[in-house]
Amino acid sequence: MVRLAENKHFTEDVESVKAPIPARVYLPLIQHLGKICNPIVKIGDVVTLGQKIAEIDAHVSSPIHASIAGKVVAIQDWPHPVLGRAKAIVIEGDTEINLPSFQLKNHQEIDLLSLEQLRKIVFAAGIVGLGGASFPTHIKLNPPQPLNILIINGAECEPYLTADARLMVEKTDQIAQGILLVARCLGVKDIYIGIEDNKPLAIEAFKKFPEFKVKVLKSDYPQGGEKQLIQNILGKEIGRGKLPFDLGVLVQNVATIYAIYEAVYRSKPLIERLVTVTGSCLEHPKNLWVRLGTPIKNLIEFCAPLKEAPAKIIIGGPMMGIAQYTDEVPIIKSSGGLLLFNKKEAQLLEEDPCIRCAACVRGCPVGLMPCQINLAAEKSLWNLTKDYGASDCIECGICNYVCPSNRRLLQTIKQAKLEGVK
Amino acid sequence: MKNNLLVSGSPHIHKPESIARIMWTVVLSLVPAGIAGVIIFGLSALWVTLLAVLAAVSTEFVFGLLTKKKITILDGSAVITGILLAFNLPSNVPLWLPVVGAVFSIAIGKQVFGGLGQNIFNPALVGRVFLMASWPKYMTTFVKPFSIDAVTSATPLAALKEGKIIEHLSYLDLFLGKHGGCIGEVCILALLIGAAILLIKGYISWHIPVTYIFTTALFTYIFGAKTLFAGDWLFHILSGGLILGAFFMATDYVATPLTAQGQLIFGVGCGLLTAIIRLWGGYPEGVAYAILMMNGATPFIDRYTKNRIYGTK
């Protein structure tokens with residue numbers, strides 16, 4: 001665990017606003033971990049807001065919904081923030097179409113929901129883990145054994161990002177209702193909310209609920225990693241190759257919980273999310289409610305004027321986010337941040353030899369020796385990288401971050417992970 | 001904007017840290033001991049140090065040219081080797097001696113292994129033992145502190161080895177460095193100031209220095225006198241090159257273990273070897289050999305002291 005320069009001050013006190021609804025949205029058929037969906041609309045079809053437009057009959061998958069009302073104008077290859085390119089459904093907006101209002105539903109009905117019913121709603125709403133992993137949430141709501149602890153992940157540990165922090169402050173009651181709903185359906189009594197001490201407003205907001213144990217965590221990276229969160233809240237480790245389920249634990253991100261609330265209480269599928277748009281290039285960084293499929297250039301335009309031209313655009317945070325090659329790429333379910341770096345920040349540092357300072361060894365949150373894996377990987381000694389536990393890497397990036405020789409440790413470890421499963 | 005976006009793997013930010021920043025901080029941390037050396041032994045200490053540094057940096061430069069590699073003389077690592085070698089020499093050596101030693105340190109101790117990050121042994125100590133083996137007379141003739149006419153004097157450890165006692169030498173004198181010895185090893189006060197800089201900056205950890213010094217003290221306390229448990233352990237801590245070695249040479253990143261557990265073993269090993277050489281060896285001082293031997297054991301220690309991986313026993 002390391003302390004990073006947070007750079008959250010750009011947006012942490014900026015109230016969220018709605019980004020303008022784009023003229024066109026580009027909705028990739030895969031926005032989750034699992035099987036790619038098939039389109040269930042054709043070019044020329046008129047779609048309403050929230051209408052299901054793609055799905056697949058597979059357990060590990062999640063359907064896609066129209067994030068604006070309008071007409072399907074294309075189903076084509078398009079830039080994808082994670083995969084580079086993927087097939088996407090393009091919808092051109094039409095304001096003439098009547099919009100659903102997503103009214104609040106009857107509480108009594110919700111209070112009687114079973115876990116089975118909740119799971120169906122969550123699946124139908126296309127909800128995936130919004131913390132970044134995009135694992136379909138309905139699977140996490142299907143534990144193979146009874147659970148006794150629910151941990152809510154309010155540890156937004158990536159520098160710059162403030163979307164979860166704002167959500168916790170602005171939508172406290174909705175999140176609380178969502179948590180209680182999930183806990184009741186799962187039959188879980190012990191509810192923890194892990195929040196780092198750099199989010200005092202969020203901590204304050206959740207302390208008023210007697211049902212929750214608010215765990216104030218150190219603002220260290222990667223505090224929001226599932227393994228680290230469980231370790232620092234419960235003092236337990238998940239065994240190698242095991243899941244939180246094996247400890248009777250379920251971890252859910254606050255944004256995911258909010259999406260569940262919206263789906264259950266307002267029948268609203270996952271068609272928008274909160275995104276922090278920030279970086280030194282922007283005059284007015286913001287926390288924006290963005291319709292999924294919105295090209296990032298629309299968001300950059302909305303935050304204009306630019307102080308300088310971005311040299312690197314990252315979707316996600318600076319530690320684990322993905323650098324983009326075009327501003328045509330859309331926001332998808334997993335995109336919690338949009339980061340614009342100037343030329344100086346984007347500069348690639350020259351790699352020097354390893355001096356065995358062991359900064360990476362001390363920094364690794366899972367106890368690996370990144371420098372040793374790196375040296376073995378450079379010689380393609382894949383048996384050795386396996387011995388050093390390369391497959392246990394959580395790809396947090398700390399090793400690269402702390403290395404005084406600017407070595408690309410994580411890249412070689414990722415390669416070793418791939419070679420390890422060959 | 002569309003075509004000139006930089007794409008690279010995560011992470012996209014980097015700690016404001018570099019080899020040069022670490023190395024030059026180490027150089028800074030050695031300055032107090034250098035100043036103390038000049039005050040105690042006079043300007044000759046300065047010339048010896050400067051020549052060693054100059055020779056070390058020049059050798060590094062020439063090797064960079066010959067091997068057509070990046071010229072690394074500005075990263076400060078060769079400067080450190082020069083300083084540490086000089087700190088291991090008496091102030092009154094002929095001025096060609098530091099030059100020969102520094103060339104040997106960089107050429108044989110560092111560059112033939114592949115340069116920065118590749119050396120198995122601490123380069124400065126390689127240079128020191130080479131000079132010790134080749135010109136023992138120059139390496140063991142020390143001047144009295146604050147003497148104008150270069151009166152020679154034995155080091156406290158050498159006197160002990162010969163069964164003599166240096167009169168009027170208190171622990172405070174040892175702490176301040178008012179006795180014969182190598183340029184950079186005598187003033188414990190100055191060395192501790194430098195060590196504090198490195199510890200506070202996090203560039204070295206306590207594991208090696210503390211276990212090294214503690215082990216030497218414990219061992220010399222138990223076996224350092226005619227009867228057991230009567231040795232003058234404080235004398236052993238304060239004299240010779242123990243403090244210089246423990247904080248500045250046994251902590252050399254390249255030639256020491258990676259994990260805390262490995263570093264503890266390394267420190268204990270250095271402490272044992274130093275005490276054994278001092279008490280029963282042929283030399284009065286054992287720090288250089290102790291560290292070099294443990295440098296050699298480092299790959300072995302690394303192999304058996306891996307960190308426990310999360311989720312495993």
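Residues numbered from 1 in each chain as written. Chains lettered and ligands numbered in written order. Predicted model: local features only at pLDDT ≥ 70, side-chain atom pairs only at ≥ 80, totals over all residues. Heavy atoms only, no water.

1. Thoughts on the nonpolar core
Here's step 1: Core analysis: the largest hydrophobic core is formed by 94 residues, its most contacted members being Ile355 of chain A together with Leu30, Leu84, Tyr212, Phe248 and Ile291 of chain B.
Here's step 2: Sort the elements by how many residues they give to this core and helix α1 (residues 19–41) of chain B lands first, with 10 residues.
Here's step 3: Summarising the domain contributions, this core has at least three residues from each of domain 1 (107–266) and domain 2 (359–420) of chain A.
Here's step 4: For leucine 84 of chain B, the residues in contact, after removing those within four places along its chain, are Leu30, Ala124, Leu244, Phe248 and Met249 of chain B. (Core = buried A, V, L, I, M, F, W, Y, C linked by side-chain atoms within 4.5 Å. Buried < 20%, exposed > 50% of the residue type's maximum accessible area, 1.4 Å probe, protein only. Helix = DSSP H or I, 4+ residues; strand = E, 2+ residues; numbered from the N terminus. Domains from an automatic or database assignment. Contact = heavy atoms within 4.5 Å.)

2. A look at the domain arrangement of chain A
All names here are of chain A.
Here's step 1: Looking at the assigned domains, one finds that chain A contains domain 1 (107–266) and domain 2 (359–420).
Here's step 2: When each unit is reduced to the centre of its C-alpha atoms, the spacing between domain 1 and domain 2 is 30 Å.
Here's step 3: Contacts between domain 1 and domain 2 engage five residues on the former and seven residues on the latter.
Here's step 4: Regarding the contact of domain 1 and domain 2, the summed buried area is about 520 Å², with carbon and sulfur atoms giving 50% of it.
Here's step 5: Three residues stand out in domain 1 for area buried against domain 2, namely Tyr221, Gln228 and Arg240, and they jointly supply 66% of the buried area on that side.
Here's step 6: Taken together, the links from domain 1 to domain 2 amount to one salt bridge.
Here's step 7: The closest approach of N and O atoms between arginine 240 and aspartate 392, which form a salt bridge, is 2.5 Å.
Here's step 8: Linking domain 1 with domain 2 are two residue pairs in polar contact (both at pLDDT 80 or more).
Here's step 9: For the side of domain 1 that touches domain 2, the class distribution of residues is two nonpolar, one polar and two charged. (Buried area = accessible area lost by both parts, 1.4 Å probe. Salt bridge = Lys/Arg side-chain N within 4 Å of Asp/Glu carboxyl O. Polar contact = N/O pair within 3.5 Å; in protein donor to acceptor, adjacent residues only side chain to side chain. Nonpolar A, V, L, I, M, F, W, Y, C, P; charged D, E, K, R; others polar.)

3. Describing the interface of chain A and chain B
Here's step 1: Listed per partner, the contact involves 62 residues of chain A and 38 residues of chain B.
Here's step 2: Buried area between chain A and chain B, summed over both chains or domains, comes out near 4300 Å², and the portion from carbon and sulfur atoms is 60%.
Here's step 3: Seen at the junction of chain A and chain B, the total is four salt bridges.
Here's step 4: Its salt-bridge partner being glutamate 237 of chain A, residue arginine 308 of chain B comes within 2.6 Å of it at the nearest N-O pair.

4. Structural notes on unusual backbone geometry
Here's step 1: Residue proline 305 of chain A is reached from alanine 304 of chain A by a cis peptide bond, and omega for that bond is 5 degrees.
Here's step 2: Within the secondary structure, proline 305 of chain A sits in the loop between α9 (296–302) and β15 (312–315).
Here's step 3: For the bond from serine 10 of chain B to proline 11 of chain B, the omega torsion is -5 degrees, close enough to zero to count as cis.
Here's step 4: Relative to the assigned elements, proline 11 of chain B resides in the segment before α1.
Here's step 5: One non-glycine residue, alanine 358 of chain A, lies in positive phi territory at about 70 degrees.
Here's step 6: Looking at the element boundaries, alanine 358 of chain A is found in the loop between α10 (343–346) and α11 (359–363).
Here's step 7: The phi dihedral of lysine 68 of chain B is positive, around 50 degrees, even though this residue is not glycine.
Here's step 8: You can call lysine 68 of chain B exposed: its relative accessible area is 76%.

5. A look at the pattern of salt bridges
All names here are of chain A.
Here's step 1: The final tally for this structure, using the stated rule, is 27 salt bridges over all chains.
Here's step 2: Here glutamate 262 makes a salt bridge to lysine 268, at a shortest N to O gap of 3.1 Å. Each member of the pair, glutamate 262 as well as lysine 268, carries the same accessibility label: buried.
Here's step 3: Through salt bridges with shared partners, a single network forms among Lys18, Glu262, Arg266, Lys268, Glu272 and Arg291.

6. A few points about helix α5 (residues 172–186) of chain A
Residues and elements named next belong to chain A.
Here's step 1: A rise of 1.5 Å per residue sets the reference length of α5, with its 15 residues, at 21 Å; its end C-alpha atoms lie 21 Å apart and thus fit the reference within 8%.
Here's step 2: Thr172, Ile175, Ala176, Gly178, Ile179, Leu181, Val182, Ala183, Cys185 and Leu186 are the residues of α5 that are buried.
Here's step 3: Among the residues trailing α5, glycine 187 stands out with phi positive, at a value near 70 degrees. (Expected span 1.5 Å × (residues − 1).)

7. Remarks on helix α8 (residues 254–266) of chain A
Residues and elements named next belong to chain A.
Here's step 1: Taking 1.5 Å of rise per residue, the 13 residues of α8 would be expected to cover 18 Å, and the 17 Å separating its terminal C-alpha atoms lies within 8% of that figure.
Here's step 2: With 12 of 13 residues buried, α8 is to be regarded as a mostly interior element.
Here's step 3: Of all the positions in α8, only Val254, Ala255, Thr256, Ile257, Tyr258, Ala259, Ile260, Tyr261, Glu262, Ala263, Val264 and Tyr265 are classed as buried.
Here's step 4: The N-cap residue of α8 is asparagine 253: its side-chain oxygen and the backbone nitrogen of alanine 255 are 2.7 Å apart.
Here's step 5: Of the residues one or two after α8, serine 267 is the one with positive phi, at around 55 degrees.

8. Observations concerning the sheet that holds strand β2 (residues 24–28) of chain A
Here's step 1: Strand order in the open sheet formed by four strands is β2-β8-β7-β4 (chain A), with antiparallel pairing between adjacent strands. The sheet is open, and its two borders are formed by β2 and β4 (46–47) of chain A, each paired with just one other strand. (Pairing = 2+ DSSP bridges.)

9. A short note on the pairing of strand β14 (residues 286–291) of chain A
All names here are of chain A.
Here's step 1: Of all six residues in β14, six are buried, a share of seventy percent or more.
Here's step 2: The alternating pattern of β14 places Lys286, Leu288 and Val290 on one face and Asn287, Trp289 and Arg291 on the opposite face, and all of these are buried.
Here's step 3: Relative to β14, strand β1 (residues 17–18) is paired through two bridges, and the arrangement is parallel. Looking at β14, one finds that lysine 18 is bridged to tryptophan 289.
Here's step 4: In the sheet, strand β13 (residues 272–278) pairs with β14 via six bridges, with the strands oriented antiparallel. In the strand pairing of β14, valine 277 is matched with lysine 286.

10. A look at a nonpolar patch on the surface
Residue and element names in this part refer to chain B.
Here's step 1: Side chains of Phe214, Leu218, Tyr221, Phe223, Leu228, Phe229, Trp233, Val268, Leu272, Ile276 and Trp280 sit close together on the surface and give an oily, nonpolar patch of about 1100 Å² of accessible area.
Here's step 2: Of all elements in the fold, only α10 (207–223) and α13 (260–280) reach the threshold of two or more residues within the nonpolar patch.
Here's step 3: Within the element layout of this structure, tyrosine 221 appears in helix α10.
Here's step 4: Accessibility expressed as a relative area gives 32% for tyrosine 221, which makes it partly exposed. (Patch = residues over 30% accessible without salt bridge, like charges linked within 9 Å, V, L, I, M, F, W, Y side chains within 5 Å. Areas by Shrake-Rupley, 256 points an atom, 1.4 Å probe, with all protein chains shown as cover.)

11. As for the confidence of the model for chain B
Here's step 1: A residue-level look at chain B finds 97% of positions with pLDDT of 70 or above and a mean pLDDT of 93.
Here's step 2: As scored by the predictor, the complex reaches a pTM of 0.93 and an ipTM of 0.94. (pLDDT = per-residue confidence, 0-100.)

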